[in-house]
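What the coordinates show
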Amino acid sequence: QVQLVESGGGVVQPGGSLRLSCAATRNMFDIYSEAWYRQAPGRVRELVAAITPGDNINYADAVKGRFTISRDIAKNTLYLQMSALKPEDTAVYFCDFHYGTKDDWGEGTQVTVSA
């Protein structure tokens, strides 16, 4: 089991920024696709952003233009840069590494956007 450790969550004012990190215990970026998901109160889990080994990227419409997914292969770390945050971005965010039939999930990190 590959372990993923998330960090960077917290409380931020509307319009602010946060960067989430997802550190893996081994280098898997050459074969895995990675994604950030979130789940807000009263909502189902939703895809926020995803990236493939070939650097194909897509974003949920709700975050397009505000969030950026990226990775540092040398550091075995996936990032989600979040800007212009809105109260509706409040959710638990977690990362997913996928390969074939395998998925590895982080424990999640809370992001709260509130004045």
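Scroll up for the structure.
Quick caveat, the model's predicted, so the values are computed rather than measured. (Residues numbered from 1 in each chain as written. Predicted model: local features only at pLDDT ≥ 70, side-chain atom pairs only at ≥ 80, totals over all residues. Heavy atoms only, no water.)

Looking at the overall build of the protein
This is how it is decided: We count a stretch as a helix when DSSP gives it H or I for four or more residues in a row; a strand needs E for two or more, and each element gets its number in order from the N terminus. The globule rule is 2.2 Å times the number of residues to the power 0.38, and the radius of gyration it is compared with is taken over C-alpha atoms. Partly exposed residues are those whose accessible area sits between 20% and 50% of the maximum for their type, while under 20% is buried and over 50% is exposed, using a 1.4 Å probe and protein chains only. Two residues form a contact once any of their heavy atoms are found within 4.5 Å. Asp and Glu count as negative and Lys and Arg as positive, but His and the ends of the chain are not part of the count. By convention, charge coordinates are those of NZ in Lys, CZ in Arg, CG in Asp, or CD in Glu.
Scanning the protein for helices and strands turns up zero helices and eleven strands. Radius of gyration (C-alpha) of the protein: 13 Å, near the 13 Å computed for a compact globule of 115 residues. Based on the C-alpha atoms only, the size of the protein along its principal axes is roughly 40 × 25 × 25 Å. Taken across its 115 residues, the protein has 43% of its residues classed as buried. Contacts in the protein between residues at least 24 apart in sequence constitute 52% of all its contacts with a sequence separation of at least 6. Each charge sign in the protein was given a centre, from 11 positive and 13 negative side chains, and these centres are 3 Å apart.

With respect to the nonpolar core
Rules: Throughout, nonpolar core names a set of buried Ala, Val, Leu, Ile, Met, Phe, Trp, Tyr and Cys residues whose side chains join them through atoms within 4.5 Å.
Counting 29 residues, the largest nonpolar core has W36, L78, L80, M82, Y93 and F97 as its most contacted members. Of all the secondary-structure elements, those providing two or more residues to this core are strand 3 (18–24), strand 5 (46–51), strand 7 (67–72), strand 8 (77–82), strand 9 (91–99) and strand 11 (109–113). Aside from chain neighbours lying at most four places away, what touches L80 is L18, R19, L20, W36, V48, A49, F67, T68, I69 and Y93.

Looking at the pairing of strand 11
In plain terms, the rule: One bridge is not enough; two strands pair if DSSP finds at least two bridges between them.
Burial along strand 11 is one-sided: T109, V111 and V113 are buried, while Q110 and T112, pointing the other way, are not. Relative to strand 11, strand 2 (residues 10–12) is paired through three bridges, and the arrangement is parallel. In the strand pairing of strand 11, V11 is matched with T112. Pairing of strand 9 with strand 11, which is carried by three bridges, proceeds in the antiparallel orientation.

Some remarks on the state of the cysteines
Where we set the bar: The criterion for a disulfide is a pair of cysteine sulfur atoms lying within 2.5 Å.
In this structure the tally under the stated criterion is one disulfide. Each sulfur of the disulfide joining C22 and C95 lies 2.0 Å from the other. Residues C22 and C95 are joined through a disulfide that is right-handed, its torsion about the S-S bond being 60°. Pair noted here: C22 is in strand 3 and C95 is in strand 9, with a separation of 73 residues, a long-range link. Here the two residues C22 and C95 agree in accessibility, since each one is buried.

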